[in-house]
Amino acid sequence: MTPSSPQGPNHRLSAESFAELARGSGGPSTVAELRSGQRSRAMLLLHALVDIASAHPAPPGPLPPSRDAWHLLIRAENRSPAAVDRLLLHPPTGVWLNRCLRRLRGLEPGDGPLWSAVGHLHAIAASAALLAGIDFRGAVPAREGAVMLPALGLARIPDTTDVAEVVGYGRKAAVLSGPYSVTLPADFSEDAPGWHGLRRLRGEHGGIVCAPLVDDLDPYRDFLRIRDPERLGDEEWQGWQERFGNAWRLVSEQRQVDPRGIGACLSSVVPVPYDAWPEPFSASSPEAFGCVLLNGATDPLTLAAALVHEAQHIKLSALMDLVPLIEGGLEKIHYAPWRLDPRPLRGLLQGVYAFLGVTGFWWDRLRRAEPGPARDAAAFEFALRRAQTASGLRTLLTHADLTPRGEEFLHRLEDRLTLWLAQRVPSVPKSLASDLIHDHRLVHRMRHLAADPEPTAQWARAWRERTDPPGELPGTSVRPTRPEAPARPALARLRLADPAGFARLGDGRGTGLPEGVDAPDRADLDWAAGDTAAALRGYRARLEADPDDIAAWAGLALSLPDGAARTTLLNHPELALAVHRELRTAPDTGPDPVALARWIGTRTRE
């Protein structure tokens, strides 16, 4: 980063690193190449931001021009390139850069004055200068009595000013605001009067270390929205450390995805309050390389799988910045077997890569587990994730406009997955996983696929008049609606991982499910227990009470014996539902769903 050459070097990924990533893995040297590419990208964005901000018509506010911060960064890099690298690769820097650029270009509404958002660059430069140990004095934005120094920590000042000063002299540093000052500790990660240092989690097992920041301070730490500081209390902090340490041991033990590479690409963990069901919440973003958002309430196995999952996303996003794999692919019309909303092909590619890693994690757990609930639970997760990944991969290979490198990449993933698809899985976990693959697709199709109205009406008329329906099935179109989280996956997991807890749930002696989750329906319990006859009766009763109960329609398909009715519901659930709706006349609830599905099945070629 120099005044005459601020864009940094061109960056290419080595063939060895591409091959590692295409196997679904990637070690420290591969991640180092990805990090180098992300640094180059950040430098380009930062240079663009300084140029745009310098020419922007909005007043610069009470802060110096952005080029002053740019020159301070140059000074810091001349003294310590590593200090500037730390700021350029700090995940909130990427979030701020992208948000601020969109705002300067009029593409995104703002939070607070524009000068303050642009002025965050002065805080970044101040942090780099402090890490580099150079003498300086510079103005930085303040927000509600706090000054954030990215990658270092947050100073609390008893003042409502919009601007403060940061001073570095020798080995001393302070944040100043009028008559107030906060002296920073020599180790910025430590707390001091008026200062909250950014702390690190630490996981270590078998000599493999992962030590991401736990960021509860930076306003840009959550890439989904600007967030005020929410300092974790001592007990919360210790809880995070304990959970992370236990999860990291599990990540380190597996060798399907190089754990050293996972540790190298996890830069920060951000505690967030977002709820998710039935899966715990975790997320990553191409704009925040190395960052994982996590809801902390989870067990070590689930957290370990989430860390593998998000590390895969992080690596693939960085790879796609360097190597184009897919053209276009932005239309949200495709089925993803791990989500209930239609997805673009690019999102499907991300999911395939992430769940390939998760499949490997569960394969490793399956091989290590002793016979019993732990092995059954691992077998179920392995069977479920490999089937989901295979389904998504087939969609990509069929519909995606892949580049030559993209085709090579996907076919190498396919080779890895083929080995796992050939592995044997015990019958009960395999059967439950297979049912849930059907369940998910059924619910998705009934929620998001609309059968063409006129041909649907013709099928309904043929039912009423006992005549032959049209020779072809109605076409469909994608009409996204709000998805609902299914209950059956959690029951399947509970049955396998905690048979006693599942039995108590079935007997009405407890929920066995997370707090806030409603008690399960009896038909769902019967399905999870393998009592398909009782489940079938229960789903029939539910549909009699509410013919639009989509989860009950899917449950009906899972519970029916083989035959025309089951085949229809598995292959064309949206048609059966649409015709049933067409036939309903108040107060009549319509024909028997099984009879209707059987009739449709006997009049199709399948």
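Residues numbered from 1 in each chain as written. Predicted model: local features only at pLDDT ≥ 70, side-chain atom pairs only at ≥ 80, totals over all residues. Heavy atoms only, no water.

Caption draft 1: Molecular detail of the overall build of the protein chain. Across its full length, the protein chain holds 22 helices and 18 strands. Each principal axis of the C-alpha distribution contributes one length, and for the protein chain these read about 90 × 55 × 50 Å. Every one of the 606 residues in the protein chain was classed for burial, and the buried ones make up 56%. For the protein chain, restricting intrachain contacts to residue pairs at least 6 apart in sequence, the fraction spanning at least 24 positions comes to 68%. Accessible surface computed for the protein chain: about 26300 Å², of which carbon and sulfur atoms make up 50%. (Helix = DSSP H or I, 4+ residues; strand = E, 2+ residues; numbered from the N terminus. Buried < 20%, exposed > 50% of the residue type's maximum accessible area, 1.4 Å probe, protein only. Contact = heavy atoms within 4.5 Å. Areas by Shrake-Rupley, 256 points an atom, 1.4 Å probe, with all protein chains shown as cover.)

Caption draft 2: Quick peek at the pairing of strand E4 (residues 163-169). Pairing analysis gives six bridges linking strand E1 (residues 136-141) to E4, with the strands arranged antiparallel. What sits directly across from Ala-139, in E4, is Glu-165. Two elements, E4 and strand E5 (residues 172-177), share five bridges in a ladder whose sense is antiparallel. By the bridge assignment for E5, Glu-165 is matched with Leu-176. Hairpin connection from E4 to E5: two residues lie between these consecutive antiparallel strands, with Gly-170 at a positive phi of about 60°. (Pairing = 2+ DSSP bridges.)

Caption draft 3: Highlighting the pattern of salt bridges. Under the definition given, this model contains 37 salt bridges. Note that Arg-339 is salt-bridged to Asp-341, the shortest N-O span being 2.8 Å. Looking at Arg-339, the relative accessible area reads 35%, which means it is partly exposed. A salt bridge links Asp-592 to Arg-540, with the nearest nitrogen and oxygen atoms 2.6 Å apart. In this pair, Asp-592 is assigned in the loop between helix H21 (573-583) and helix H22 (593-602) and Arg-540 in helix H18 (residues 532-545), connecting sequence segments 52 residues apart. A relative accessible area of 34% places Arg-540 in the partly exposed class. (Salt bridge = Lys/Arg side-chain N within 4 Å of Asp/Glu carboxyl O.)

Caption draft 4: Representation of empty space enclosed by the protein. Evaluation of the coordinates by the stated rule reveals three cavities of 30 Å³ or more. A volume near 120 Å³ is recorded for the largest cavity. When contributions to the lining of the largest cavity are tallied by element, the ones reaching two or more residues are helix H2 (28-55) and helix H5 (91-104). Taken together, the residues of the lining of the largest cavity sort by class into nine nonpolar, four polar and two charged. (1 Å grid on protein atoms, 1.4 Å probe; cavity = no way out; pocket = protein on both sides within 12 Å on 5 of 7 lines; lining within 4 Å. Points joined across faces, edges and corners; volume = space filled by probe spheres on them. Nonpolar A, V, L, I, M, F, W, Y, C, P; charged D, E, K, R; others polar.)

Caption draft 5: Looking closely at the packing of aromatic side chains. Under the defined criterion, the tally for this structure stands at nine aromatic pairs. Look at Phe-244 and Trp-248: their rings are 6.4 Å apart centre to centre, the planes differ by 10°, and that puts the pair in the stacked class. Remark: Trp-248 and Phe-244 occur in helix H7 (residues 234-253); sequence separation between them is four residues, near one turn of the helix. Here Phe-244 and Trp-248 have matching classes, each one buried. Of the aromatic side chains, those joined through ring pairs into one cluster are Phe-18, Tyr-353 and Phe-409. The ring of Trp-237 is capped by Arg-199, whose NZ or CZ atom sits 4.7 Å from the centre of that ring. Here the basic side chain of Arg-243 rests over the ring of Trp-240, its NZ or CZ set 5.3 Å away from the ring centre. (Phe/Tyr/Trp six-rings, centres within 6.5 Å; stacked < 30°, edge-to-face > 60°. Lys NZ or Arg CZ within 6 Å of the ring centre and 35° of its normal.)

Caption draft 6: Structural view of the nonpolar core. Counting 118 residues, the largest nonpolar core has Leu-319, Leu-325, Phe-409 and Trp-527 as its most contacted members. Among all residues touching Phe-409, those that are not within four sequence positions of it are Phe-18, Leu-21, Ala-22, Leu-316, Leu-319, Leu-325 and Tyr-353. The next biggest cluster of nonpolar side chains, apart from the first, holds 64 residues, and it includes Ile-74, Leu-114, Ala-151 and Cys-291. (Core = buried A, V, L, I, M, F, W, Y, C linked by side-chain atoms within 4.5 Å.)

Caption draft 7: Representation of helix H1 (residues 15-22). Among the residues of H1, those classed as buried are Ser-17, Phe-18, Ala-19, Leu-21 and Ala-22. Looking one or two residues past H1, Gly-24 carries a phi angle of roughly 85°, positive in sign.

Caption draft 8: View of unusual backbone geometry. Unusually for a residue other than glycine, Glu-144 sits at a positive phi of about 50°. Within the element layout of this structure, Glu-144 appears in the loop between E1 and strand E2 (146-149). One non-glycine residue with positive phi stands out, namely Arg-466, at about 55°. Structurally, the position occupied by Arg-466 is in the loop between helix H14 (453-465) and strand E18 (476-478).

These results come straight from atomic positions and should not be treated as a statement about function.
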